[in-house]
Amino acid sequence: MANGIIIIDKPAGWTSMDVCAKLRGMFREKRVGHAGTLDPMATGVLPVFIGRATRAVEFAADSDKEYITGLKLGVVTNTQDTTGEVLEERPADVSGERLRQVLEGFTGDIEQVPPMYSAIKINGKKLYELARKGKEVERKPRPVTIHALELEGWPDAGEDFTLRVVCSKGTYVRTLCHDVGQALGCGGCMSSLRRVKAAGFTLADSVTLEAVQAAVDRGEGESLLLPVDALFAGLPVLVLKTAAAEKKIRNGAALTACALPDGDYRVYGADRTFLALGRVVGKTLTTIKNFFEV
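Counting starts from 1 at the beginning of each chain's written sequence and moves along it residue by residue. Per-residue local features are limited, in this predicted model, to residues with pLDDT of at least 70; the limit for side-chain atom pairs, both in listing and counting, is 80 or more; totals at the level of whole chains, interfaces and linings are taken over all residues. Just so you know, side-chain values use all the structure's heavy atoms and leave hydrogens and water out.

Peer 1: Hey, could you run me through helix α1 (residues 16-27) in this one?
Peer 2: Note on helix geometry: an α-helix contains 3.6 residues per turn, so any two residues three or four positions apart are oriented the same way. For α1, spanning 12 residues, the distance from its first C-alpha to its last is 17 Å, which sits close to the expected 16 Å at 1.5 Å a residue. Burial status follows relative accessibility: with a 1.4 Å probe on protein chains alone, a residue under 20% of its type maximum counts as buried, one over 50% as exposed, and anything between as partly exposed. Secondary structure elements follow DSSP: runs of H or I no shorter than four residues count as helices, runs of E no shorter than two count as strands, and numbering proceeds from the N terminus. Every buried residue belonging to α1 is among Ser16, Val19, Cys20, Leu23, Met26 and Phe27, and all of these are buried. The buried residues of α1 occupy an angular sector of 120° when the element is viewed end-on, so they sit on one face. Contacts are assigned to residue pairs that have any heavy atoms within 4.5 Å of one another. In this structure, the buried residues of α1 make contact with β1 (4-10), β2 (32-34), β3 (43-50) and α6 (209-217). Immediately beyond the C-terminal end of α1, within one or two residues, lies Arg28, with a positive phi of roughly 55°. Between the first and last residue of a helix there are one fewer steps than residues, each counted as 1.5 Å, and that sum is the expected span. Directions are taken from the helix axis to each C-beta atom, and the arc is the one they span.

Peer 1: How should the environment of Gly185 be read in this particular structure?
Peer 2: Following the sequence through the fold, Gly185 ends up in the loop between α5 (173-184) and β12 (188-198). Looking at Gly185, the relative accessible area reads 47%, which means it is partly exposed. Along the backbone, Gly185 and Cys167 are 18 residues apart, and their C-alpha atoms lie at a distance of 24 Å.

Peer 1: Mind showing me how you'd approach the nonpolar core here?
Peer 2: Generally speaking, soluble globular proteins have nonpolar side chains that are buried together. Throughout, nonpolar core names a set of buried Ala, Val, Leu, Ile, Met, Phe, Trp, Tyr and Cys residues whose side chains join them through atoms within 4.5 Å. Counting 44 residues, the largest nonpolar core has Ile6, Leu23, Phe27, Val48, Leu99 and Val180 as the members making the most contacts within it. With residues up to four places along the chain from it excluded, the contact list for Phe27 reads Ala2, Ile6, Ile50, Val212, Val216, Gly221, Glu222 and Leu225. In terms of nonpolar packing, the next biggest core, distinct from the first, is built from 19 residues, Ile5, Val45, Phe49 and Phe232 among them.

Peer 1: I would appreciate a short explanation of the packing of aromatic side chains in the present structure.
Peer 2: Within a pair of aromatic rings, the relevant descriptors are the distance that separates the centres and the angle that separates the planes. Between 30 and 60 degrees the pair is tilted, below 30 it is stacked and above 60 it is edge-to-face, where a pair is any two Phe, Tyr or Trp rings, Trp via its six-membered ring, whose centres lie within 6.5 Å. Evaluation of the coordinates by the stated rule reveals 5 aromatic pairs. With 5.8 Å between their ring centres and 45° between their planes, Phe232 and Phe291 make a pair best called tilted. Taken together, the positions of Phe232 in the loop between α6 and β14 (237-239) and Phe291 in the segment after β18 (284-290) put the pair 59 residues apart, joining distant regions of the chain. A residue is classified by how much of its surface remains accessible, and Phe291, at 7% relative accessible area, is buried. Between Phe274 and Phe291, the ring centres sit 5.5 Å apart and the planes meet at 15°, which makes this aromatic pair stacked. Separated by 17 residues along the polypeptide, Phe274 in strand β17 (residues 274-281) and Phe291 in the segment after β18 bring together distant segments of the chain. Just above the ring of Phe292 sits the side chain of Arg250; from NZ or CZ to the centre is 4.8 Å. Should the NZ of a Lys or the CZ of an Arg lie within 6 Å of a ring centre and within 35 degrees of the ring normal, that charge is described as sitting over the ring. Here the guanidinium or amino end of Arg272 rests over the ring plane of Tyr268, the centre of that ring lying 5.3 Å away.

Take a look at the structure:
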């Protein structure tokens, strides 16, 4: 039975759920989920959780993301990217220096109005379903954080630029492109999107669907799966030294942890089996989520 995390380099034209469906068939495992939806036009890092590892999806979804995106100035579309219907076209001959100045105003804590072509629900209806019917509803701005927003390279004046974006969960890069275009006065939209980092995983950790299929055909598919504790690699390790302590953790009981500072830990049994994500507060260790096999 397959259990673990696989980092897929999502191809263009696939939805994130298409990828999960494909892997569900490859690994013959019903429990498959992803962290951080990518639009069909986007490519890049898509962490997929298989089997018991799906218990960790909630921790991956809250992570920061990093993207390389194309910004096309002078064009406004109904989807805020180049796949949509063109609403406006204006002359654009923006210098790199001018663009860099505007980007500075979008760095840090900002607010975004979610695009109509998104899966956000208002009154039980997904926005993109309303948008496809030609309807538009009021959306409240949402706070997001842009940790870094950089112009890649230093192109001559023009309308096509490449940006590096490091941002918080919930950020719409296409809305960012649209808003930057509005701030420049010429309009803009997203022309490409490649996610290069999510949940601490990078493109270097990723594999293509073709590579996964080839491995599965050889009977080696599970060799591509990362252990679930790889998601928490940045946290300190706590190894339980006694069977009694391990039994308490397995039963969901708290443990005394006098020598440990407050914080989150990867909790392992004496045999180095990953048991749980734990939290120490006031010299007491409690379980946030367990990951052992019952």
